[in-house]
Amino acid sequence: MAEGTAEAPLENGGGGDSGAGALERGVAPIKRQYLTTKEQFHQFLEAKGQEKPCRETEVGDPAGNDLAEPEAKRIRLEDGQTADGQTEEGAEPGEQPQTQKRARGQNKGRPHVKPTHYDKNRLCPSLIQESAAKCFFGDRCRFLHDVGRYLETKPADLGPRCVLFETFGRCPYGVTCRFAGAHLGPEGQNLVQEELAARGAQPPSIRNGLDKALQQQLRKREVRFERAEQALRRFSQGQPPGPTPAAAVPEGTAAEGAPRQDNCGAQQVPAGPGTSTPPSSPVRTCGPLTDEDVVRLRPCEKKRLDIRGKLYLAPLTTCGNLPFRRICKRFGADVTCGEMAVCTNLLQGQMSEWALLKRHQCEDIFGVQLEGAFPDTMTKCAELLSRTVEVDFVDINVGCPIDLVYKKGGGCALMNRSTKFQQIVRGMNQVLDVPLTVKIRTGVQERVNLAHRLLPELRDWGVALVTLHGRSREQRYTKLADWQYIEECVQAASPMPLFGNGDILSFEDANRAMQTGVAGIMIARGALLKPWLFTEIKEQRHWDISSSERLDILRDFTNYGLEHWGSDTQGVEKTRRFLLEWLSFLCRYVPVGLLERLPQRINERPPYYLGRDYLETLMASQKAADWIRISEMLLGPVPPNFAFLPKHKANAYK
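Quick look at the structure, then. Predicted model only: the values in this text are computed from it and were never measured.

### Side note on the overall build of the protein chain
Across its full length, the protein chain carries 24 helices and 13 strands. Look at the contacts in the protein chain between residues 6 or more apart in sequence, and 70% of them connect residues 24 or more apart. As displayed, the protein chain has an accessible area near 30000 Å², and 48% of this comes from carbon and sulfur atoms.

What follows is the structure, encoded as structure tokens:
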């Protein structure tokens, strides 16, 4: 999970550094000719780059007064006063401050970003899909069936080009598309480019979606989990779970709990013995019935996960969505993983949670990450995923530090619940046909390391690979990752492969990490700050990427987002929201040509500076209003009364 920013000063020598590095520790060392003050920085952006202030007078006070961090990052007092002495709204002016703390954690009270105007006068899906069948609800339908009336109230188009129409020859959103002018005829009909359609251009297939029939079965609790229940019964009897003996399975019959298949290749979830619950409706599978469908794999026959030396993109909450992973794959990421999914939500058939499991066809090595606190829900969820999704591995999140997860016994809390942790790992390993991996931290408390004791146990429990983030839960994302401890853990985990994670923002950082003996590296915030990091590591060079190239990356992201979430109002605003969340990290990148020394460290925050052009300066802004301006370059104007705050308080200010 990518959460918060690194706030502690970087422990580096840097005796020869000049510029910002000599002014303040923990600040990126930018060349003095590019430094400016906060006031001049925003004056320059407000003037839209037409007038550049003289750079000779832009260097801040050597004491660092002019290089102060934004208000939301400044020290804030518990009684509601800011570091400037001004009382915040709702604070008692007579109270005295007790302690000081930085703005950190999540913006839990941020405004609702979903626009409400598209909920009114929505067109019936039967008309959007141009299906021959009439609306299923008839007169009871709450949506509009008059296209002319819909077009009268529809907001203006956001642009003249529709990426779906240009790429695939047809836009499936028809008149509801916010770029519909590019593909609507004079009478409102949806046009088709015959050449592209004749070549078979189709939107890429997205795997691991949730079937409606399965969703209803999950909501009604009609899905049975025989293999999971069998493993859980063994736990209750004090026996470790194990595979069903081959002799116990009669020839030509399925093992207990194995899916039944009819002659048409339809897979059915078996009903429990002695119950009146009818079997689930068939889930269509491809191909004839084979031994692989009937006989369960033994642990030694499971698919092996061999990703040694590969670059692993971490599962990133909110920002690690499918369009972002496509960007990282294009720049050289080898292994990708979906965002953390809560197992209880998956078992309830929540569409928003199942969306986190979707896989693009370019993701050749892909896994999903599950979070849970109890063996029953985690084992059942693993069995459900083994039936329904196509993945190369399943990862257990034992590194999430947030209170919402930790206080329920999940995430980092599992490191202190060894019995439950063992039951979760063994139970999931029993029902999965793909390798099981685990992501952990060094421990819960800052100076009490637990990973070196857990790793041999995880190896014995059957875990295929472990990723170790070199920080404890208390540290969250502050201070530096402890790569010396990761090196010690490599020996404790052997021969099980161990991946390292933490503070990798350059190919030098990656090279130093590999020298510790880890099997590979996982990249998290470094990919958010610069997704081209994978290219830099593979080519062993620094890439002084231009602002126009960075804008092209953002444009590709928006195109992927419109393709994935849709080009109607809902899809556009969802794409905008995820773009803005990503921009809250991208603004911390400092271009290579502006640095006094290379490379930039992940714990070094940029001071105020003017870039080599207006766009580069705009991308360096830590103000949410400027990110919205960038989004309008790509997705058109925002809806009325639009407001945005980043998920994490330390990422931006108003």
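### Quick look at the packing of aromatic side chains
The final tally for this structure, using the stated rule, is 11 aromatic pairs. Note on F41 and Y608: the rings are 5.5 Å apart at their centroids and 55° apart in plane angle, and the pair reads as tilted. Separated by 567 residues along the polypeptide, F41 in helix 2 (residues 38-46) and Y608 in the loop between helix 22 (569-586) and helix 23 (614-619) bring together distant segments of the chain. Accessibility classification places F41 together with Y608 in one group, the buried group. Between F557 and W582, the ring centres sit 5.2 Å apart and the planes meet at 55°, which makes this aromatic pair tilted. Note that F557 is positioned in helix 21 (residues 547-565) and W582 in helix 22, a separation of 25 residues in sequence. Like W582, F557 is buried. Through a chain of ring-to-ring contacts, the aromatic side chains of Y312, F393 and F499 assemble into a single cluster. In this arrangement the basic side chain of R473 is found over the ring face of Y406, its NZ or CZ atom lying 3.8 Å from the centre. Between R577 and the ring centre of F578, over which it is positioned, the NZ or CZ distance is 4.8 Å.

### Examining the packing of helix 21 against helix 22
Working note: a packed helix pair is described by the angle between its axes plus the distance between those axes. The contact between helix 21 and helix 22 brings their axes to 9 Å, and the two run at 145°. Seen along the crossing, helix 21 lies across helix 22 with a hand that is right-handed. Here R550, I553, L554, F557, T558, G561, L562 and W565 of helix 21 come into contact with helix 22, specifically with G571, V572, K574, T575, F578, L579, W582, L583 and L586. When the residues that make up the contact of helix 21 with helix 22 are grouped by side-chain class, the tally is 11 nonpolar, 4 polar and 2 charged.

### Digging into the environment of E596
Relative to the assigned elements, E596 resides in the loop between helix 22 and helix 23. Note on E596: relative accessible area 36%, which makes it partly exposed. Taking the C-alpha atoms as reference, E596 lies 5.3 Å from P29; in sequence the two are 567 residues apart.

### Description of the side chain of T379
Looking at where T379 falls in the secondary structure, it is placed in helix 13 (residues 375-388). Taking relative accessible area as the criterion, T379 reaches 0% and is therefore assigned buried. Reaching out from T379, the side chain makes a polar contact with the backbone oxygen of P375 at a distance of 2.6 Å. Once residues lying within four places of it in the same chain are set aside, the contact partners of T379 are A228, L232, G427, M428 and V431.

### Topic: the nonpolar core
Counting residues in hydrophobic clusters, the biggest one holds 140 residues, and the most contacted among them are W354, M428, I521 and L554. A per-element tally of this core places helix 22 first, with 8 residues. With residues up to four places along the chain from it excluded, the contact list for I521 reads K310, L311, Y312, W483, F499, G500, I504, A510, A513, M514 and I537. I30, Y34, L35 and A620 belong to the second-largest nonpolar core, a separate cluster that totals 9 residues.

### Describing the packing of helix 8 (residues 226-236) against helix 15 (residues 418-431)
Packing of helix 8 against helix 15 brings their axes to within 9 Å, and their N-to-C directions diverge by 145°. Between helix 8 and helix 15 lies a crossing of right-handed hand. Two secondary-structure elements touch here, helix 8 through R227, A228, A231 and F235 and helix 15 through Q423, R426, G427, Q430 and V431.

### Observations concerning the sheet that holds strand 12 (residues 498-501)
If you walk across this open sheet you meet the 8 strands as 6-13-12-11-10-9-8-7, and the pairing is parallel. Across the chains shown, the open sheet's two edge strands, defined by having one partner strand only, are strand 6 (311-313) and strand 7 (336-342). The sheet shows a mean angle of 25° between the axes of neighbouring strands, taken without regard to direction. Bridge count for strand 8 (residues 366-371) against strand 9 (residues 393-398) is 4 bridges, and the pairing is parallel. Residue V368 lies in a different strand from strand 9, and its bridge partner there is V394.

### So, helix 24 (residues 624-635)
Over its 12 residues, helix 24 extends 16 Å from the first C-alpha to the last, a length consistent with the 16 Å expected when each residue adds 1.5 Å. Within helix 24, 9 of the 12 residues are buried, leaving the element largely enclosed by the surrounding structure. Burial in helix 24 covers these residues: A624, D626, W627, I628, R629, I630, S631, L634 and L635. Of the surrounding elements, those touching the buried residues of helix 24 are helix 2, helix 21, helix 22 and helix 23. Downstream of helix 24 by one or two residues, G636 has phi in the positive range, about 80°.

### Quick word on the pattern of salt bridges
Pairs can form between side chains of opposite charge once their charged atoms are near each other. A complete count under the given rule lists 27 salt bridges for this structure. With its nearest N and O atoms 3.0 Å apart, the salt bridge here joins E563 to R326. You can see E563 sitting in helix 21 and its partner R326 sitting in helix 10 (residues 322-330), a full 237 residues away along the chain. Overall, the relative accessible area of 22% leaves E563 in the partly exposed class. Note that R330 is salt-bridged to D556, the shortest N-O span being 2.5 Å. Here R330 is found in helix 10, whereas its partner D556 is found in helix 21, with 226 residues between them in sequence. Overall, the relative accessible area of 41% leaves R330 in the partly exposed class. A network of salt bridges, in which partner residues are shared, links E46, D626 and R629.

### Some thoughts on helix 7 (residues 212-219)
What helix 7 keeps buried is the set L214, Q215, Q217 and L218. What you see down the axis of helix 7 is that its buried residues fit within an arc of 165°, all on one side. Residues of helix 7 that are exposed and angled more than 90 degrees away from the buried face: K212 and R219. Buried residues in helix 7 make contact with helix 11 (343-347), helix 12 (351-354) and helix 13. N-capping of helix 7 is provided by D211, with a side-chain oxygen placed 3.0 Å from the backbone N of A213. Positive backbone phi, at 60°, marks R221, one or two positions downstream of helix 7.

### Notes on the side chain of E371
As for its placement among the helices and strands, E371 is situated in strand 8. Here E371 is buried and forms no salt bridge, its nearest opposite-charge partner K408 lying at an N-O distance of 7.5 Å. When near neighbours in sequence (up to four residues on either side) are disregarded, E371 contacts M340, A341, V342, C343, M378, N397, V405, G410 and G411.

Thresholds applied
Residues numbered from 1 in each chain as written. Predicted model: local features only at pLDDT ≥ 70, side-chain atom pairs only at ≥ 80, totals over all residues. Heavy atoms only, no water. Helix = DSSP H or I, 4+ residues; strand = E, 2+ residues; numbered from the N terminus. Contact = heavy atoms within 4.5 Å. Areas by Shrake-Rupley, 256 points an atom, 1.4 Å probe, with all protein chains shown as cover. Phe/Tyr/Trp six-rings, centres within 6.5 Å; stacked < 30°, edge-to-face > 60°. Buried < 20%, exposed > 50% of the residue type's maximum accessible area, 1.4 Å probe, protein only. Lys NZ or Arg CZ within 6 Å of the ring centre and 35° of its normal. Axes fitted to C-alpha atoms, helices over the stretch in contact; angles between N-to-C directions. Left-handed = near helix turned anticlockwise from the far one by under 90°. Nonpolar A, V, L, I, M, F, W, Y, C, P; charged D, E, K, R; others polar. Polar contact = N/O pair within 3.5 Å; in protein donor to acceptor, adjacent residues only side chain to side chain. Core = buried A, V, L, I, M, F, W, Y, C linked by side-chain atoms within 4.5 Å. Pairing = 2+ DSSP bridges. Expected span 1.5 Å × (residues − 1). Salt bridge = Lys/Arg side-chain N within 4 Å of Asp/Glu carboxyl O. Arc of directions from axis to C-beta. Lys, Arg positive; Asp, Glu negative; His and termini not counted.

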